[in-house]
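If you want the building blocks of each chain, they are given just below.
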Amino acid sequence: MYSKHHMEEGQVGCPTRWTRDRKQPRLVLIEGAPGVGKTTFSEQFCYKWSQGQRLSNHRLLVLLPLRDNRVRSAKTVSQLFQHPQLQQAIAEEVERSGGEGVALWLEAWDELEEEQREKSSLFLELVGGRVLPRATVVVTSRPWASASIREKSADQHLEIVSTASIQFSRVLRENRVRPDSRAKFLDYVDSDPVMKAAMHTPVTANIVTDVFQWSLDTECPPPATMTQLYTALTCKLLTEHLSSHKAEGKEPGKMRSLEEVPEDCKKQLLHLCRLSWSGLVRQQLTFSSGEVGGSTLGLLHCVEELYGGEDGQLTYHFIHLTLQEFLSAYHISQLSSDAQEQAIIQSLSAGHLTMMAKFFFGLSPPTHFTSSLTTQHIKSQRGSSFDVSFVFF
C-alpha cells in the first residue's frame, strides 16, 4: 500500500495510518529525496515511541543507522545488540521469539554497500523475513536504492515529501533570513526556478537561505545552479572555519570559489576531497581521525558511533551526504582528462555515484569529452529511468 506523508509545517510529522492498525505490517519502506528529512523523521519517530505515542504494542524499537560501521558489519542478530544497555539476554529473547513485539528501524538503506543491499547480508535477511520473521522492519532510503523492496516485499510504502510553501514559512519564521533581506530573498528565489525547486526540501532550503544571506554579507553573487549552491556552501563553511581559527588581527578574505582557498588549508581541502571520493566509491561514510589526517575545515562532524566506535575512538562524517558527493566531484574535476573519463563512466553505471556525476558536469566547462560522453550515455539509457537533469546541473 502506497501513501505520501507531507512534512508538517514547523516539524517533521509522523504518519500514523500503519501505526494504528491492529495487525502491524512486517515491512515498511519509507522513501524520500536527499535532504527531505528522513534521518530527522527517524529520530523523531523513535522519540515518540519512547513517549508511548507510536507503536505502543511494540516493547522494543531499535534504531540502526546503517552508516555506522559496527551496525553494517553485523553478521548475526546478537551482534546488533552488543550495546552495554542491551544485554545478551535481550538478544537471546528477541531471537527466541522471532522478533515478536520488536521493531527494527534500518535508517539509510542507500548507505549500505551494493552487495549488502542486493546479494547477501543480515539486513537482506531481516527485510526478507528469513531472520526475525515476527518483527516489524522499517527501512528508510533514497528511492534509487530501494527498488527491489518497493516492487516486491514492502507491506507499506510511504514517501516523505515537502512543499516550497512550508519551507518558505519555516525559514522566515526561524529568521534564517534577516528581516531587512526578506524581500530580496523572496524575489531571488521566485525568479530562479532552480532555487525555487530547492526550497522543497528542508536541508536544501536551509542551505539556500544561509548561502543567500552569506552572499549578501560578502558581496558575492548568489548561486543560480545546484553546483554553484554547494560551491558557495563549501566556501561559507571554510570561511567560518578560518574565522574561528584566525590568527590574532587577521581576517580571512572573501572566498568566491574553491580556487581562492588560502594556501595554508588548500592541501588539507584537497585531501578531504580525495577522501570523500574514495569513501563514496566504497560507500564508506564514516572515517577515522587517521583518515581525516588533520583539520576537518568545518566540513565534517565528529560523532560517536552507536557502540562507541572501534577501540573507543570517535569517527567523522561529512555534514551531509550531498556535500560529500559535491566534494568528490571537485576532486574528480582536478584530475587528468583520462582519470576524469574513467571516474565518470564508472559513476554513470552506479546509482550511488549519480549525484556526484551531476556535480562534476556542473563544475566542468563543456568540452568534447563531456558532450560526447553525455550524448553517448543518454542514448544508451533510452527507455530507462535515467535522469538526464544532470546535464543542466
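Asks: It is not clear to me how the confidence of the model for the protein should be interpreted in this structure. Could you clarify?
Replies: When pLDDT is low, close inspection of the predicted coordinates is not appropriate. Of all residues in the protein, 78% attain a pLDDT of 70 or more, and the chain-wide mean is 79. Strand 1 (residues 2-6) is the least confidently modelled element of the protein, averaging 47 in pLDDT, while helix 15 (residues 321-333) averages 94, the highest of any element. Taken together, the stretch residues 1-14 has pLDDT below 50 and engages in 43 contacts with residues farther than four places along the chain or on a different chain. Residue range residues 378-392 is modelled with pLDDT below 50. Its contacts to residues more than four positions away, or to other chains, number twelve contacts.

Asks: I keep staring at the side chain of Thr-231 and nothing clicks. Help me out?
Replies: Looking at the element boundaries, Thr-231 is found in helix 12 (residues 226-244). Those residues in contact with Thr-231, other than ones at most four positions away along the chain, are Leu-258, Phe-326 and Leu-363.

Asks: So what exactly am I meant to see when it comes to the nonpolar core here?
Replies: With 61 residues, the main nonpolar core has Phe-185, Val-208, Tyr-230 and Leu-299 as its most contacted residues. Leu-299 has contacts with Thr-234, Leu-237, Leu-238, Leu-269, Leu-272, Phe-318, Ile-319, Leu-323 and Leu-327, leaving out every residue within four places of it along the chain. By size, the runner-up hydrophobic cluster in this structure holds 29 residues, among which are Leu-29, Val-94, Leu-124 and Ala-145.

Asks: Explanation requested: unusual backbone geometry in the structure shown.
Replies: Keep in mind that most residues, glycine aside, have a negative phi and that most peptide bonds are trans. For Leu-132, which is not glycine, the phi torsion reads 50° and is therefore positive. Along the chain, the position of Leu-132 falls in the loop between helix 6 (122-128) and strand 5 (136-141). Here the phi dihedral of Glu-219 falls at roughly 60°; this positive angle occurs in a residue that is not glycine. Here Glu-219 shows up in the loop between helix 11 (202-218) and helix 12.

Asks: Help me understand the pairing of strand 4 (residues 102-107) in this model?
Replies: One face of the sheet, then the other: side chains in a regular strand alternate in exactly this way. For strand 4, a buried count of six out of six residues is recorded, marking the element as mostly surrounded by other parts of the structure. Here strand 4 pairs with strand 5 via four bridges, running parallel. Residue Trp-105 lies in a different strand from strand 5, and its bridge partner there is Val-138.

Asks: What is the right way to look at helix 9 (residues 182-191) in this model?
Replies: Because the α-helix completes a turn every 3.6 residues, residues three or four places apart line up on one side. Restricting attention to buried positions, one finds in helix 9 the residues Phe-185, Tyr-188 and Val-189. Across the axial projection of helix 9, the buried residues extend over an arc of 90°, all falling on one side. Facing away from the buried side of helix 9 by more than 90 degrees, the exposed set consists of Ala-183, Asp-187, Asp-190 and Ser-191.

Asks: Is there a simple way to think about the environment of Phe-45 in this case?
Replies: Following the sequence through the fold, Phe-45 ends up in helix 1 (residues 38-50). A residue is classified by how much of its surface remains accessible, and Phe-45, at 0% relative accessible area, is buried.

Asks: How should I be thinking about the packing of aromatic side chains in this particular structure?
Replies: Here a ring pair, both rings aromatic, is described through the centre-centre distance and the interplanar angle of the planes. Under the defined criterion, the tally for this structure stands at ten aromatic pairs. Relative to Phe-359, the ring of Tyr-230 has its centre 5.3 Å away and its plane inclined at 65°; by these criteria the two rings are edge-to-face. Note that Tyr-230 is positioned in helix 12 and Phe-359 in helix 17 (residues 354-363), a separation of 129 residues in sequence. One exposure class covers both Tyr-230 and Phe-359, and it is buried. Seen in terms of ring centroids, Phe-360 and Phe-361 are 5.5 Å apart; in terms of plane orientation they differ by 80°. Their pairing is edge-to-face.

Asks: Got a minute to help me understand the packing of helix 12 against helix 15 in this structure?
Replies: What describes two packed helices is the angle between their axes and the distance between those same axes. Interaxial distance between helix 12 and helix 15 falls to 10 Å at its minimum, and their mutual angle equals 100°. Regarding the angle of helix 12 to helix 15, the classification is roughly perpendicular. Residues Thr-227, Tyr-230, Thr-231, Leu-233, Thr-234 and Leu-237 of helix 12 lie in contact with helix 15, whose contacting residues are Thr-322, Leu-323, Phe-326 and Leu-327. By residue class, the composition of the contact of helix 12 with helix 15 is six nonpolar, four polar and no charged.

Asks: Can you walk me through the pairing of strand 8 (residues 315-318) in this structure?
Replies: Neither face of strand 8 is open: one carries Thr-315 and His-317, the other Tyr-316 and Phe-318, and all of them are buried. Across four bridges, the pairing between strand 7 (residues 300-303) and strand 8 is antiparallel. Within strand 8, the residue paired with Val-303 across the bridge is Thr-315.

Asks: How should I be thinking about the pattern of salt bridges in this particular structure?
Replies: For side chains bearing opposite charge, pairing can occur when the charged atoms are close. Per the stated rule, a full pass over the model turns up eleven salt bridges. A salt bridge links Asp-180 to Arg-178; the nearest nitrogen and oxygen atoms lie 3.7 Å apart. Residue classification places Asp-180 among the exposed residues on the basis of a relative accessible area of 62%. When the shortest N-O distance is used, the salt bridge between Lys-236 and Glu-240 registers 2.7 Å. Of this pair, Lys-236 and Glu-240 both sit in helix 12, four residues apart, roughly one helical turn. Of the residues examined, Lys-236 reaches a relative accessible area of 13% and is grouped as buried. Among the ionic contacts, a cluster of salt bridges with common partners joins Asp-110, Arg-142 and Glu-325.

Cut-offs and rules
- Residues numbered from 1 in each chain as written.
- Predicted model: local features only at pLDDT ≥ 70, side-chain atom pairs only at ≥ 80, totals over all residues.
- Heavy atoms only, no water.
- pLDDT = per-residue confidence, 0-100.
- Helix = DSSP H or I, 4+ residues; strand = E, 2+ residues; numbered from the N terminus.
- Contact = heavy atoms within 4.5 Å.
- Core = buried A, V, L, I, M, F, W, Y, C linked by side-chain atoms within 4.5 Å.
- Buried < 20%, exposed > 50% of the residue type's maximum accessible area, 1.4 Å probe, protein only.
- Pairing = 2+ DSSP bridges.
- Arc of directions from axis to C-beta.
- Phe/Tyr/Trp six-rings, centres within 6.5 Å; stacked < 30°, edge-to-face > 60°.
- Axes fitted to C-alpha atoms, helices over the stretch in contact; angles between N-to-C directions.
- Parallel < 35°, antiparallel > 145°, perpendicular 65-115°, else oblique.
- Nonpolar A, V, L, I, M, F, W, Y, C, P; charged D, E, K, R; others polar.
- Salt bridge = Lys/Arg side-chain N within 4 Å of Asp/Glu carboxyl O.

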